[in-house]
Amino acid sequence: MGNICHRLHGIVKGLERNYFPYDKSNLCENGLYILFEKGEHAHNTDRIVRIGTHNGPNQLPSRIKQHFLSRNKDRSIFRKNIGRAYLNKNYDPFLEQWNWSLTSRKNNELYSPKLDLDKQQQVEALVSDYIQNNFSFVVFRVDTKEERLKWEEKIISTVSHCEECSPAADWFGQHSPKLKIRESGLWQVNGLYKDPLNEDEFIMLSKLLKRAGQ
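Residues numbered from 1 in each chain as written. Predicted model: local features only at pLDDT ≥ 70, side-chain atom pairs only at ≥ 80, totals over all residues. Heavy atoms only, no water.

Undergrad: Got a minute to help me understand the state of the cysteines in this structure?
TA: A disulfide bridge is the covalent bond that connects two cysteines by way of their sulfur atoms. On inspection of all chains with the given rule, the structure shows zero disulfides. For Cys165, which is in no disulfide, the shortest distance to another cysteine sulfur is to Cys5 and amounts to 3.6 Å. Assessed through its relative accessible area of 1%, Cys165 is described here as buried. (Disulfide = S-S within 2.5 Å. Buried < 20%, exposed > 50% of the residue type's maximum accessible area, 1.4 Å probe, protein only.)

Undergrad: Would you mind showing me how to read the pairing of strand 2 (residues 31-42) here?
TA: Looking along a regular strand, one sees side chains alternate from face to face of the sheet. Most of strand 2 sits out of view: nine of its twelve residues are buried. Of the strand pairs in this sheet, strand 2 and strand 4 (residues 135-141) are connected by seven bridges, and their pairing is antiparallel. When the bridges of strand 4 are listed, Glu37 appears paired with Phe135. Where strand 2 folds back on strand 3 (residues 45-52), the antiparallel hairpin that results is connected by two residues, among which His43 adopts a positive phi of roughly 55°. (Helix = DSSP H or I, 4+ residues; strand = E, 2+ residues; numbered from the N terminus. Pairing = 2+ DSSP bridges.)

Undergrad: What exactly am I supposed to notice about the environment of Ser25 here?
TA: Relative to the elements of secondary structure, Ser25 occurs in the loop between strand 1 (18-19) and strand 2. For Ser25, a relative accessible area of 61% translates into the label exposed. Once the C-alpha coordinates of Ser25 and Gly52 are considered, the two residues, 27 residues apart in sequence, prove to be 19 Å apart. For Ser25, the side chain forms a polar contact with the side chain of Asp23, separated by 2.7 Å. (Polar contact = N/O pair within 3.5 Å; in protein donor to acceptor, adjacent residues only side chain to side chain.)

Undergrad: Could you clarify how one ought to interpret the pattern of salt bridges in this entry?
TA: Two side chains of opposite charge can pair, provided their charged atoms sit close to one another. According to the stated counting rule, one finds eleven salt bridges in the structure shown. Arg79 is paired through a salt bridge with Glu124; the nearest N and O atoms lie 2.9 Å apart. Taken together, the residues Arg79 in helix 3 (residues 77-89) and Glu124 in helix 6 (residues 117-134) connect sequence positions 45 residues apart. The exposure class of Arg79 is buried, given its relative accessible area of 0%. (Salt bridge = Lys/Arg side-chain N within 4 Å of Asp/Glu carboxyl O.)

Undergrad: I would appreciate a short explanation of the sheet that holds strand 4 in the present structure.
TA: Sheets are built from strands that pair by backbone hydrogen bonding, the pairs being arranged parallel or antiparallel. If you trace the four strands from one edge of the open sheet to the other, you get 1-4-2-3, paired in antiparallel fashion. Looking at the sheet topology across the chains shown, the edges are occupied by strand 1 and strand 3.

Undergrad: Explain the layout of surface pockets here, please?
TA: Left-over empty space is what a probe sized like a water molecule reveals as it rolls over the atoms. The calculated volume of the largest pocket comes to roughly 490 Å³. Looking at the lining of the largest pocket, the elements with two or more residues in it are strand 3, helix 2 (60-68), helix 3 and helix 7 (145-161). Of all the elements, helix 7 adds the most residues to the lining of the largest pocket, at four residues. Within the lining of the largest pocket, the residues separate by chemical class into seven nonpolar, twelve polar and five charged. Roughly 190 Å³ of volume is contained in the second largest pocket. Sort the elements by how many residues they give to the lining of the second largest pocket and strand 4 lands first, with three residues. By residue class, the composition of the lining of the second largest pocket is five nonpolar, three polar and two charged. (1 Å grid on protein atoms, 1.4 Å probe; cavity = no way out; pocket = protein on both sides within 12 Å on 5 of 7 lines; lining within 4 Å. Points joined across faces, edges and corners; volume = space filled by probe spheres on them. Nonpolar A, V, L, I, M, F, W, Y, C, P; charged D, E, K, R; others polar.)

Undergrad: Where do I start with helix 2 in this structure?
TA: Every α-helix winds through 3.6 residues per turn, so residues three or four apart in the chain are directed the same way. Residues of helix 2 that are buried: Leu60, Pro61, Arg63, Ile64, His67 and Phe68. Angular distribution of buried residues about the axis of helix 2 spans 160°; they occupy a single face of the element. (Arc of directions from axis to C-beta.)

Undergrad: Looking at this structure, how should I read the nonpolar core?
TA: Proteins that are soluble and globular tend to have nonpolar side chains buried together. Within the largest apolar cluster, 30 residues are counted, with the highest numbers of intra-cluster contacts made by Leu35, Ile64, Phe68, Ile82, Phe135, Phe137 and Trp187. Contributions of two or more residues to this core are made by strand 2, helix 2, helix 3, helix 4 (95-98), helix 6 and strand 4. Among all residues touching Ile82, those that are not within four sequence positions of it are Val127, Tyr130, Ile131, Phe135, Phe172 and Trp187. (Core = buried A, V, L, I, M, F, W, Y, C linked by side-chain atoms within 4.5 Å. Contact = heavy atoms within 4.5 Å.)

See below:
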């Protein structure tokens, strides 16, 4: 397990790194992204802290924008989890409202009248600032949704199983109220600890990654 994760980190290390403000023209339309965070290291390089993709066709640039630029945590669980960690760290009771989802009409009608909108906008700004200043990412092309979801789960499982990928003691995610985030060292709670990459799958994935680096 550790050997495959070590080699995986070695390959993604060689891909073009994107920092905010990133150049949208560097992004493929369909594929996966892998995030890195300042201060987090494993396998003698930057530690993978999140793996993600998109559902609709040609939506990878839009997904990256939702994380880095769009101040709407209900469209980005990544943003929502960063905000949760910030609020939990500061024992801020606004965490209860931050957890509300206003995407459905029912919830919007239920919660909007109670929402402290000024506070939410303040937290959204803090989340954007943290993400833009602390995260970088690489992308690689995968055309079909089925393949994207497969590789997303395989990479998440591989990294979450790896004992060498433990987060630093002062990692910001240690403040998350989500136990799975604190334990896995990843900014996600789904897809953890499932079937990791086997050798044949790693060879297939490495071809996709190396193609992205050409």
